[in-house]
Number of protein chains: 2
Amino acid sequence: MADFRGRPAYLQIADDIRSQILDGTLQAEDRLPSEADLMADYGVSRIVVRNAVEVLRSEGLVVKQQGRGSFVRAQRPQRTRVVGDLYSERPEASPFAASARASGQVPEWEYQTRRTTASKTIADRLGIQAGDPVMRTSYRFFADGEPAMLSTSFEPLAITEGTPVEQPEGGSVTGVVPRMDAIGIHITHVVEDVTGRSARPYEAETLKVPVGVPVLAIERTYYAKSRPIETADIVVSSDRYVLSYRLPVPPRTDQPTPR
Amino acid sequence: MADFRGRPAYLQIADDIRSQILDGTLQAEDRLPSEADLMADYGVSRIVVRNAVEVLRSEGLVVKQQGRGSFVRAQRPQRTRVVGDLYSERPEASPFAASARASGQVPEWEYQTRRTTASKTIADRLGIQAGDPVMRTSYRFFADGEPAMLSTSFEPLAITEGTPVEQPEGGSVTGVVPRMDAIGIHITHVVEDVTGRSARPYEAETLKVPVGVPVLAIERTYYAKSRPIETADIVVSSDRYVLSYRLPVPPRTDQPTPR
DNA sequence: ACACTCAACACGTTATAACAAGTAGGACGA
DNA sequence: TCGTCCTACTTGTTATAACGTGTTGAGTGT
């Protein structure tokens with residue numbers, strides 16, 4: 001192994017394999033050479049090749065499977081979660097929406113609903129007091145039979161208690177906006193705060209992704225005027241999802257557009 | 001080390017430390033016990049404690065520094081990139097916008113602009129032919145002197161060539177929307193496709209984040225009616241940024257709201 | 001008082017060794 | 001033909017050992 005600039009061997013090997021992945025020499029789903037092969041190829045010990053592959057795994061380029069080998073991970077996420085003006089005039093918009101419906105998007109999910117009390121965090125987001133009663137609903141969404149999205153939502157019971165839409169699911173109307181419409185509350189806007197982080201063990205297990213892959217965590221709140229109506233924590237694997245936001249740009253603004 | 005269910009020792013140790021982080025026994029910026037300490041505490045070899053800490057590092061809970069130790073990573077991102085109706089009636093909206101301006105947001109950036117031709121990918125996004133001339137501008141944004149956001153934008157020269165706003169920077173108007181307004185093109189909406197992934201080596205270096213931390217990659221395109229006007233690739237460290245999208249919800253829609 | 005040196009300590013890199021556990025395919029028997 | 005078993009191959013886990021490199025603070029000399 002040529003020792004270039006004293007740069008650690010495992011990083012050089014990682015660089016080498018990475019460029020093979022990026023330039024297409026190694027394609028998605030291809031198996032990497034086994035650890036034994038790499039040891040022989042580069043003339044290093046096993047720990048070096050393991051470190052090298054671990055770097056690539058941590059970058060999300062490679063997945064490892066005990067007993068089978070290490071594989072180049074498919075890079076492109078397939079599904080798009082669209083938020084915004086679905087009826088945009090943009091012609092490219094329709095393929096997305098169409099594919100979302102076409103690719104087996106039978107609304108497939110399971111949920112668990114229960115009454116509970118608001119934690120401080122949730123209370124802040126809903127503009128209520130910690131300890132106030134809320135309806136908590138956990139969803140697990142599936143796509144092609146695979147778990148694809150996790151969501152936990154909270155609604156203040158002060159709003160829905162005693163109404164026909166107290167239960168988020170099971171009634172004749174579903175979806176926050178129509179449900180609230182049904183009791184005379186008209187959602188005016190939604191805020192989604194998006195962060196990226198590595199999957200927690202629970203999420204990795206539930207979403208069936210390798211530990212450490214990046215996920216997108218969305219903190220979503222629906223508002224009627226300035227009043228928070230519902231808030232939810234949503235987690236999707238960034239492997240499988242692109243979040244697509246489509247926003248109108250109001251004409252004649254003095255405000256500099258955020259870059 | 002009590003061998004619980006044959007679960008690997010390094011995972012048990014990782015679980016142990018993780019719960020200490022999550023329950024607050026170990027707080028942000030605290031130093032973890034050194035590898036030697038952990039070896040003694042749990043009665044295992046160094047490779048086991050290194051594997052354990054590596055798990056936490058890969059989850060983004062811990063950062064390691066050679067010569068100093070391993071530290072609990074501060075979890076909450078500080079900055080918010082807001083897209084959407086800044087003049088929302090929501091009272092909580094103002095603190096965000098205010099803090100964005102207050103926290104030393106002197107518009108601090110450097111850029112490089114050059115004429116080039118569109119790659120296939122960019123041409124598709126701009127609705128032009130590959131090889132058509134475009135203006136390419138790379139930005140590096142700083143916050144508190146630290147690089148915080150990378151962006152590369154493309155505009156078809158067919159639109160701006162020969163106009164006063166051919167150069168994205170340096171003129172009297174800046175920002176895509178005002179610049180295009182100035183030549184009679186009125187941006188109607190913007191699409192942002194957000195994905196999460198691990199930082200590439202170049203990005204990790206440029207953004208000064210440890211390799212492997214998740215970043216958010218945004219593919220943004222501005223449209224005037226259905227015509228793409230500008231497209232950009234934006235990368236931010238998810239350590240430091242929350243993306244906040246504020247969208248109006250139109251009244252009386254039959255369309256089920258995307259969950 | 002200040003700057004320099006150096007040792008102690010932290011994590012980083014690599015080698016060798018052994019056994020565990022999951023996978024796949026071929027051999028073999030019913 | 002079909003299912004079982006076994007074996008070879010793969011990654012997973014752990015131990016021991018040694019040396020490299022970055023950090024820090026105590027001690028020392030000026």
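Here the structure is a predicted model, which is why all the values come from computation and not from measurement.

**With respect to the overall build of chain A**
- Across its full length, chain A carries eight helices and ten strands.
- Each of the 259 residues in chain A was classed as buried or not, and the buried ones make up 49%.
- Residue pairs at least 24 apart in sequence account for 58% of intrachain contacts in chain A once pairs closer than 6 positions are excluded.
- Only carbon and sulfur atoms are counted for the fraction: they give 52% of the accessible area of chain A, which is about 12,600 Å².

**Focus on the packing of aromatic side chains**
- Counted under the stated rule, the structure contains five aromatic pairs over all chains.
- Measuring from ring centre to ring centre gives 6.2 Å for A:Tyr111 and A:Tyr139, while their planes differ by 45°; the resulting arrangement is tilted. Of this pair, A:Tyr111 sits in strand S4 (residues 109-117) while A:Tyr139 sits in strand S5 (residues 133-143); the two residues are 28 residues apart in sequence, bridging distant segments of the chain.
- Overall, A:Tyr139 belongs to the buried group, its relative accessible area being 8%.
- Summarising the aromatic geometry, the rings of B:Tyr139 and B:Phe141 are spaced 5.4 Å apart at their centres and angled 15° between planes, so their arrangement reads as stacked. Side by side, B:Tyr139 and B:Phe141 carry an identical accessibility label, which is buried.
- Grouped by ring-pair contacts, the aromatic residues A:Tyr111, A:Tyr139 and A:Phe141 constitute a single cluster.

**Describing the sheet that holds strand S7 (residues 189-198) of chain A**
- The strand order across the open sheet built from eight strands is S4(A)-S5(A)-S6(A)-S9(A)-S8(A)-S7(A)-S10(B)-S3(B), with neighbouring strands paired in mixed fashion. Edge positions in the sheet fall to S4 of chain A together with strand S3 (79-84) of chain B, since each has one partner strand and no second. On average, adjacent strands in this sheet sit at an angle of 20° to one another, irrespective of strand direction.

**Quick look at the protein's contact with DNA strand D**
- Taken together, 23 residues form the shell around DNA strand D, and within it A:Arg46, B:Ala9, B:Tyr10, B:Ser45 and B:Gln66 come nearest.
- At the protein interface, 66% of the atoms of DNA strand D within 4 Å belong to sugar or phosphate.
- In the environment of DNA strand D, a phosphate oxygen lies 3.0 Å from a nitrogen or oxygen atom belonging to the side chain of B:Arg68.
- Counting residues per element, the ones that place at least two in the surface near DNA strand D are helix H3 (46-58), strand S1 (62-65) and strand S2 (69-72) of chain A together with helix H1 (9-22) and helix H3 (46-58) of chain B.
- When residues in the surface near DNA strand D are grouped by element, the largest group, three residues, is from H3(B).
- Class assignment for the residues of the surface near DNA strand D results in six nonpolar, nine polar and eight charged.

**Brief notes about the confidence of the model for chain A**
Residues and elements named next belong to chain A.
- Looking at chain A as a whole, its pLDDT mean stands at 83, while 83% of the residues score no less than 70.
- Within chain A, no element has a lower average pLDDT than helix H4 (residues 93-102), which sits at 41, and none a higher one than helix H2 (residues 35-42), at 97.
- pLDDT under 50 marks residues 86-106. Its contacts with residues more than four places away, or in other chains, come to 22 contacts.
- For the stretch residues 255-259, pLDDT sits under 50, and the model shows 17 contacts to residues farther than four places along the chain or on other chains.

**Brief notes about H1(B)**
- With 14 residues, H1(B) ought to run about 20 Å at 1.5 Å a step, and its terminal C-alpha atoms sit 20 Å apart, in line with that.
- Among the residues of H1(B), those classed as buried are B:Gln12, B:Ile13, B:Ala14, B:Ile17, B:Arg18 and B:Ile21.
- Contacts made by the buried residues of H1(B) are with helix H8 (201-207) of chain A together with helix H2 (35-42), H3, strand S1 (62-65) and strand S2 (69-72) of chain B.

Rules used in this analysis
- Residues numbered from 1 in each chain as written.
- Chains lettered and ligands numbered in written order.
- Predicted model: local features only at pLDDT ≥ 70, side-chain atom pairs only at ≥ 80, totals over all residues.
- Heavy atoms only, no water.
- Helix = DSSP H or I, 4+ residues; strand = E, 2+ residues; numbered from the N terminus.
- Buried < 20%, exposed > 50% of the residue type's maximum accessible area, 1.4 Å probe, protein only.
- Contact = heavy atoms within 4.5 Å.
- Areas by Shrake-Rupley, 256 points an atom, 1.4 Å probe, with all protein chains shown as cover.
- Phe/Tyr/Trp six-rings, centres within 6.5 Å; stacked < 30°, edge-to-face > 60°.
- Pairing = 2+ DSSP bridges.
- Axes fitted to C-alpha atoms, helices over the stretch in contact; angles between N-to-C directions.
- Near = heavy atom within 4 Å.
- Polar contact = N/O pair within 3.5 Å; in protein donor to acceptor, adjacent residues only side chain to side chain.
- Nonpolar A, V, L, I, M, F, W, Y, C, P; charged D, E, K, R; others polar.
- pLDDT = per-residue confidence, 0-100.
- Expected span 1.5 Å × (residues − 1).

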